[in-house]
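Summary of the model geometry
Listed here are the chains, written in short residue letters.
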Amino acid sequence: MADDLILWGTGTSRTMRPHWMLLELGQEYITRPIKARTGETLAPEFRRINPRHKIPVLRHGSFTIAESAAIVQYLADTFPSPSIHAPVDAAGRAVLNEWCYFIMTELDAASLYTVRRHLGLKHIYGEAPTAVDAAKKYFAHNLEAMAPRIGIETPFLLGSRLSAADILLTTCLDWAIAEGLALPDSVMEYRRRMTRRPAYRDAFARNYAD
Ligand SMILES: N[C@@H](CCC(=O)N[C@@H](CS)C(=O)NCC(=O)O)C(=O)O
């Protein structure tokens, strides 16, 4: 077991992302299976690792990085693989970033997390039915706008190889389904292809072990 890669966090769509990328890249790593809202992220030892007390967090040797999107991009850059698309040229990187920022800001933070905060976690963040309804509509609007570009002309978002953007999008689609949101048929078909990948299945087993 390689002890220079340690991943903190299991149990959510956000923590699923680095598990999946690590397994796509064939990296061995240690899992610290701490979970959200158990008090584990508030422990002084973990707050020294991430003062924002959020999972996931990755440690690679002496380097520590949080934010699921930053972690999956870091991994793809650090462990180059012929099966992963991780462009270094400015235009290629900008297109990858466009997808990653779109997914993380419009789908994850503005839509799905709003629904989660004010529906499943309303005992913490308060009830806000108007905001939940608007967030669901906003998610549907964004996804419908992008659906013609998702897995129709090419198997992955960016051509013939998986990228960080596919991992971020698929985990958002899983999350949307868990929140009861409907997805366009073509997007469902894309998700089915992604979730059939052995690394996705292995990551799912590790991330949702208990
Ligand atoms: N934007 C961050 C969000 C991280 C986040 O909110 N993580 C939640 C779990 S999904 C968490 O750690 N919550 C801490 C807690 O509630 O104890 C990312 O994508 O990594």
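Remember, it's a predicted structure, so these values are computed and weren't measured experimentally. (Residues numbered from 1 in each chain as written. Predicted model: local features only at pLDDT ≥ 70, side-chain atom pairs only at ≥ 80, totals over all residues. Heavy atoms only, no water.)

**A closer look at the site of the ligand**
- In the vicinity of the ligand there are 13 residues, among which Arg37, Thr41, Ile55, Glu67 and Ser68 approach most closely.
- At 2.6 Å, a side-chain N or O of Thr41 approaches an oxygen atom of the ligand. (Near = heavy atom within 4 Å. Polar contact = N/O pair within 3.5 Å; in protein donor to acceptor, adjacent residues only side chain to side chain.)

**Describing the side chain of Ser81**
- With respect to the helices, strands and loops of the structure, Ser81 is situated in the loop between α3 (68-78) and α4 (90-118).
- Using a relative accessible area of 17% as the deciding quantity, one classes Ser81 as buried.
- Leave out the neighbours within four places in its chain, and Ser81 touches Leu25 and Arg161. (Helix = DSSP H or I, 4+ residues; strand = E, 2+ residues; numbered from the N terminus. Buried < 20%, exposed > 50% of the residue type's maximum accessible area, 1.4 Å probe, protein only. Contact = heavy atoms within 4.5 Å.)

**Here's the deal with the pattern of salt bridges**
- Applying the stated rule across the entire model yields nine salt bridges.
- Taking the shortest distance from any N to any O, the salt bridge between Arg93 and Asp77 comes out at 2.9 Å. With Arg93 in helix α4 and Asp77 in helix α3, this pair connects stretches of sequence that are 16 residues apart.
- According to the relative accessible area criterion, Asp77 is partly exposed, its value standing at 37%.
- A salt bridge links Lys137 to Asp133; its shortest N-O distance comes to 2.9 Å. On the criterion of helical spacing, the pair formed by Lys137 and Asp133 is a turn pair, its members being four residues apart in helix α6 (residues 129-146).
- You can call Lys137 exposed: its relative accessible area is 55%.
- Take Asp133: its relative accessible area is 38%, and that puts it in the partly exposed class.
- Three or more residues joined by partner-sharing salt bridges are found here, namely Arg14, Arg17 and Asp108. (Salt bridge = Lys/Arg side-chain N within 4 Å of Asp/Glu carboxyl O.)

**Remarks on the sheet that holds strand β4 (residues 63-66)**
- Pairing is mixed across the open sheet formed by four strands, whose spatial order is β2-β1-β3-β4. What marks the edges here is a single partner per strand, and that holds for β2 (30-32) and β4. In this sheet, adjacent strand axes meet at a mean angle of 20 degrees when their direction is disregarded.
- Across four bridges, the pairing between strand β3 (residues 57-60) and β4 is antiparallel. Bridged to Arg59 within β4 is Thr64.
- Where helix α1 (residues 13-24) meets the sheet, it contacts β1 (5-8), β2 and β3, and its direction lies at approximately 155 degrees from that of β1.
- Running over the sheet, α3 touches β1, β3 and β4 and is turned about 135 degrees from β4. (Pairing = 2+ DSSP bridges. Axes fitted to C-alpha atoms, helices over the stretch in contact; angles between N-to-C directions.)

**Observations regarding α1**
- Over its twelve residues, α1 extends 17 Å from the first C-alpha to the last, a length consistent with the 16 Å expected when each residue adds 1.5 Å.
- Buried residues dominate α1, accounting for eleven of its twelve residues.
- Along α1, the positions that sit buried rather than exposed are Ser13, Thr15, Met16, Arg17, Pro18, His19, Trp20, Met21, Leu22, Leu23 and Glu24.
- One side-chain oxygen of the residue at the start of α1 lies 3.2 Å from the amide nitrogen of Arg14, identifying that residue as Thr12. (Expected span 1.5 Å × (residues − 1).)

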